[in-house]
Structure formats: structure tokens, C-alpha cells
Amino acid sequence: MNRPKQDFINRLVARCGLMLFSFCLTLCFPQDALATTPNAYQQINQAIEQYSSQLLSPRYQDYQLQIRPIDQRMQLSPCQSPLAISHRPANRMSGRLTMKVSCAGPDNWGIHVPVTIKAFDQVVIAKQPIPKDTQLTALDVKLESRDVTLLHSGYYKDLTQVVGQVSKRPIRENQVVNSASLQPAMMVDRGEKVVIFAEGKGLSIRTTGVAMQQGVHGELIRVKNSKTNKVVEGRISGPGQVKVSL
């Protein structure tokens, strides 16, 4: 037999053998069995990613998750049941955290995985420099996405929360506005003439008086009725207005 013909036969036999092997493999092993099963380390990463998404997505606009690589010399077996997961410190959801991941399957194991999470949210910042004792308007502030991980002093997420309040100290342009830099605007000054609304049991009386104290909205202060000179306590309900219960 000449050599070209022999080479053709050899290639044909090899191809037929490969096809027969593939056919037997398909019959003996279902497609699902041939799929790659995640190892324990992949399971841990997937569980942390899912847990972080459930924890952070409803609260923040966006976040970044960094998982410290696990030492694979630990030789953890894949878990046959859903992994249990929690984090510490429990009172924080961003920054440096430790995720406790546990498997309750036949090969019972647990591991602590360090992670770093950066959380981003829309926060109120100063649109321009704001001097001390300025009553804020919508022109003074704006919303901007910021990394809130290290904003331990807190922040506002809505412009309506700060408009009308007064700056305790100067606020720099682009500075995050928080409760430490603001105070409610005084609605009544001491000695100011006020309108007193007295209500109770279907009765409503309106009269005038003089504030004995200064105060903000909702604060309880003493006022003197101008007609009776009687001093009563009432809550500030608006600028120059005090509501008294009968």
C-alpha cells in the first residue's frame, strides 16, 4: 500500500475514534455532570458578593467591594448547602469589615474573610462658601455623589432637610453639610410679640402675648398673655406663633 493512502486511512480511523469517544461520553455523563462545579473559594466569593448586594443596594446609590484573597492551602471542600454569612462590626455596612462564612454541610467548616467596602451616595454639599449665621436657601446647597464610608459625622440626603436651617460656623465650598454645622433657625426671640393660639375641647382662642424665651420650631417656651398678664407655656408652631393647650 502506498504511503498517501495509508496516511488517509490512519486519519480516518483517528477521526472515527474521536467521534465514538465523544458519543460515549455524552451517553455516560449528562451535560449537567460535565459542567464545572464551583469550588469552596468561588462559593465564598459568590456568597459575599450576594450578601453585600442585599445589604448595600437598598441603602446606597452604589458601592465597591474588595475581597481579600483566601489562602487556598486551607483545602476547603465545596459546600453542599447554602452558606451562612454575617459581618462585623454589625453596626457598620462599609469600610473594613470581616465576613463570617459558614458551611453546615457534611464537611462542616467556617472562615473569616476580610473585605473592604466603599459606599457611594447622594449627599448635600455647599454650592458656595456659606458664612456663619446664614440661613440656608436652595441656592446655597446641591446634591453630589460622594464616598460616604468615612463620613462618620453623618450627612444629609435631601435638600429640604437643610433649607431654612442656620450655619453654626463657616462652611467651605463643596464641603459636606452635616448636623454639626447647622442649627434650626430661631422662630421666636425673647421679648418678641407673638400670636398665641389656645385650643382644646372644641374651643379655639387667638390672642397676643410676649415671648419670655427664644426658641425654634416645636420648642416649648413661656409666653405672657398681653391681656391677662398670665404666663403660660406653649410650643412654637411658626415664626412668631405659639400654640397653647387649654
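Refer to the preceding data block for the structure.
So, here's what we can say about the structure. All figures in this text were calculated on a predicted structure; none of them were measured in a lab.

For helix α3 (residues 40–56), which comprises 17 residues, the first-to-last C-alpha distance of 24 Å matches the rise-based estimate of 24 Å (1.5 Å per residue) to within 8%. Within α3, burial applies to A40, Y41, Q43, I44, A47, I48, Y51, S52 and L56. Where α3 starts, the residue carrying a side-chain oxygen 3.1 Å from the main-chain nitrogen of Y41 turns out to be N39.

Turning our eyes to something else, we now look at the state of the cysteines. In this structure the tally under the stated criterion is 1 disulfide. Put simply, C79 and C103 are joined by a disulfide, and their sulfur atoms are 2.1 Å apart. Classification of the bridge connecting C79 and C103 rests on its S-S torsion, roughly 90 degrees, and on that basis the disulfide is right-handed. With C79 in the loop between β1 (62–67) and β2 (84–88) and C103 in strand β3 (residues 95–103), the pair connects residues that are 24 residues apart, well separated along the chain. For C103, a relative accessible area of 2% gives the class buried.

So, on to the sheet that holds strand β10 (residues 203–211). With respect to topology, 5 strands assemble into a closed barrel ordered β9-β10-β12-β13-β14, the strand pairing being mixed. Adjacent strand axes in the sheet meet at a mean angle of 50 degrees, parallel and antiparallel pairs treated alike. Pairing of strand β9 (residues 193–200) with β10, which is carried by 8 bridges, proceeds in the antiparallel orientation. Bridged to V194 within β10 is G209.

Tracing the sequence through the fold places D140 in the loop between β4 (109–126) and β5 (141–147). Here the alpha-carbon distance between D140 and I130, two residues 10 residues apart in the chain, equals 7.2 Å. Look past the residues within four positions of D140 in its chain and what remains in contact with it is I125, A126, K127, Q128, I130 and Q135. Looking at D140, its side chain comes within polar contact range of the side chain of Q128, at 3.0 Å. At 2.9 Å, the side chain of D140 forms a polar contact with the backbone nitrogen of T137.

Moving on, we come to the pairing of β3. In the sheet, β2 pairs with β3 via 5 bridges, with the strands oriented antiparallel. Each residue of the ladder has a partner; that of R88, found in β3, is T98. Hairpin remark: β2 followed by β3, antiparallel, with 6 residues in the connecting loop. Taken together, the 9 bridges between β3 and β4 define a ladder with antiparallel strand orientation. Its bridge partner being in β4, M99 is matched across the sheet by V113. Counted between consecutive antiparallel strands, the loop separating β3 from β4 contains 5 residues.

What counts as what
Residues numbered from 1 in each chain as written. Predicted model: local features only at pLDDT ≥ 70, side-chain atom pairs only at ≥ 80, totals over all residues. Heavy atoms only, no water. Helix = DSSP H or I, 4+ residues; strand = E, 2+ residues; numbered from the N terminus. Expected span 1.5 Å × (residues − 1). Buried < 20%, exposed > 50% of the residue type's maximum accessible area, 1.4 Å probe, protein only. Polar contact = N/O pair within 3.5 Å; in protein donor to acceptor, adjacent residues only side chain to side chain. Disulfide = S-S within 2.5 Å. Pairing = 2+ DSSP bridges. Axes fitted to C-alpha atoms, helices over the stretch in contact; angles between N-to-C directions. Contact = heavy atoms within 4.5 Å.

Keep in mind these values describe shape, not function.
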